[in-house]
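Chain by chain, the residues run as shown.
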Amino acid sequence: GAGVSQSPSNKVTEKGKDVELRCDPISGHTALYWYRQSLGQGLEFLIYFQGNSAPDKSGLPSDRFSAERTGGSVSTLTIQRTQQEDSAVYLCASSLESSAGRNEQFFGPGTRLTVL
Amino acid sequence: GDSVTQMEGPVTLSEEAFLTINCTYTATGYPSLFWYVQYPGEGLQLLLKATKADDKGSNKGFEATYRKETTSFHLEKGSVQVSDSAVYFCALSDSGSARQLTFGSGTQLTVLP
């Protein structure tokens, strides 16, 4: 595709509900990354995929957060039992590979999540 | 762990003024360094990068030089334009864990006509 796309662009949900955020990476990019951008915390790394596997889940803030990637392409970030502190812009990025020198990351427009 | 410290904002300049946004880093390996820009209402875009010491990244009149001795990657532009108004993020990707980007806190730049 032309770039990384994310959906929805905006999501408003009630506290305690589950949400799913979707990311379509650039075609041919094997590495995919999720970040969170919030006022208090800046830009935080959440999780990274190489192909369908996630060797680094260190940034997930709690066990309410999970992510999967199928077919080496689309990824879904799921937040269960949302809390108000989950309100943020969730950014997805992809790169050709994850190795140094080939890991220039291209970002999507983000999903703005608001938990009421 | 890795960290990036970035000049606090906001920064307000008049058109054609000189811009410097300071960035210093701490990393365990030999990082690649980046400047990303976020224009109002848009996503993050890579502005420039440098992958080894003494490399100079440049794009759209912006420059930054990878200084290993001072662990710095300061962003400069000789003459800013109103269209440069945006948030600028310094970031690194460590060679030892060349996966995630570690970002600075961002610097809001406003250029007045």
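Just above, that's the structure.
Residues numbered from 1 in each chain as written. Chains lettered and ligands numbered in written order. Predicted model: local features only at pLDDT ≥ 70, side-chain atom pairs only at ≥ 80, totals over all residues. Heavy atoms only, no water.

### Details of the overall build of chain A
Quick reminder of the rule: Helix and strand definitions here come from DSSP, where helices need a minimum of 4 consecutive H or I residues and strands a minimum of 2 consecutive E residues; each element is numbered from the N-terminal end. Buried, partly exposed and exposed residues are distinguished by accessible area as a fraction of the type maximum, computed with a 1.4 Å probe on protein chains only: under 20%, between the cut-offs, and over 50%, respectively. Contacts are assigned to residue pairs with any non-hydrogen atoms lying within 4.5 Å of each other. All accessibility values rest on the Shrake-Rupley procedure with a 1.4 Å probe; residue burial counts only the protein chains present in the view. For the charge count, each Lys or Arg is scored as positive and each Asp or Glu as negative, with His and the chain ends excluded. To locate a charge, take NZ of a lysine, CZ of an arginine, CG of an aspartate or CD of a glutamate.
Counting secondary structure elements, chain A contains zero helices and eleven strands. Helices and strands in chain A line up, N terminus first, as β-β-β-β-β-β-β-β-β-β-β. With the C-alpha coordinates aligned to their principal axes, the bounding extent of chain A is approximately 40 × 25 × 25 Å. In chain A, buried positions account for 47% of the 116 residues. Considering only residue pairs separated by 6 or more positions, chain A has 55% of its internal contacts joining residues 24 or more positions apart. By element, 46% of the accessible surface of chain A is carried by carbon and sulfur atoms, the whole surface being about 5,400 Å². A distance of 3 Å separates the average location of the 11 positive side-chain charges in chain A from that of its 12 negative side-chain charges.

### Re the interface of chain A and chain B
Rules: What counts as buried area is the accessible surface, traced by a 1.4 Å probe, that two parts surrender upon association, with contributions from both included. By definition here, a salt bridge exists when the distance from a side-chain nitrogen of Lys or Arg to a carboxyl oxygen of Asp or Glu is within 4 Å.
Between chain A and chain B, the contact holds 17 residues from the first and 13 residues from the second. Taken together, the two surfaces of chain A and chain B that pack against each other cover about 1,400 Å², and 56% of this comes from carbon and sulfur. The largest per-residue losses of area from chain A upon contact with chain B belong to A:L43, A:E104 and A:F107, which jointly make up 35% of the total buried on that side. In this structure, the connection of chain A to chain B is made through one salt bridge. In this structure, A:E104 and B:K49 form a salt bridge, with 3.1 Å as the shortest nitrogen-oxygen distance.

### Brief notes about the layout of surface pockets
Let me state the cut-off plainly: Only protein atoms enter the 1 Å grid, on which a cavity is a set of points fitting a 1.4 Å probe that cannot get out and a pocket is an open set with protein on both sides within 12 Å along at least 5 of 7 lines, lining residues being those with an atom within 4 Å of a point. Grid points are joined across faces, edges and corners, and a volume is the space filled by probe spheres set on the points.
Approximately 640 Å³ is the volume attributed to the largest pocket. When residues of the lining of the largest pocket are traced back to their parent elements, those giving at least two are β4 (31-38), β5 (42-50), β9 (88-95) and β11 (111-115) of chain A together with β10 (86-93) of chain B.

### Considering the state of the cysteines
Residues and elements named next belong to chain B. The condition that has to hold: The term disulfide is used for any two cysteine sulfur atoms that are within 2.5 Å.
Per the stated rule, a full pass over the model turns up two disulfides over all chains. The residue that forms a disulfide with C23 is C90, at a sulfur-sulfur distance of 1.9 Å. Judged by the sign of its S-S torsion, about -70 degrees, the cystine formed by C23 and C90 is left-handed. Here the residue C23 occupies a position in strand β4 (residues 23-26), and C90 occupies one in strand β10, the gap between them amounting to 67 residues. Comparing C23 with C90 shows no difference in burial state: the two are buried.

### Focus on the pairing of β9(A)
Residue and element names in this part refer to chain A. Note the threshold: Only strands joined by at least two bridges in the DSSP assignment are considered to pair.
Of all eight residues in β9, eight are buried, a share of seventy percent or more. The pairing of β9 with β11 spans three bridges and is classified as antiparallel. Bridge assignment links Y90 to a residue of β11, and that residue is T111.

### Concerning the sheet that holds strand β7 (residues 65-69) of chain A
All names here are of chain A. The cut-off we apply is this: Simply put, an axis is a line fit to the C-alpha atoms, just over the touching stretch for a helix, and the angle between two N-to-C directions goes from 0 to 180 degrees.
Strand order in the open sheet made by the four strands is β1-β3-β8-β7, with antiparallel pairing throughout. The sheet is open, and its two edges are formed by β1 (5-7) and β7, each paired on a single side. Between one strand and the next, the sheet's axes are offset by a mean angle of 15 degrees, whatever the strand orientation. Here β7 pairs with strand β8 (residues 75-79) via five bridges, running antiparallel. Residue pairing in the sheet places R69 in a bridge with S75 of β8.

In short, shape yes, function no, at least from these values alone.
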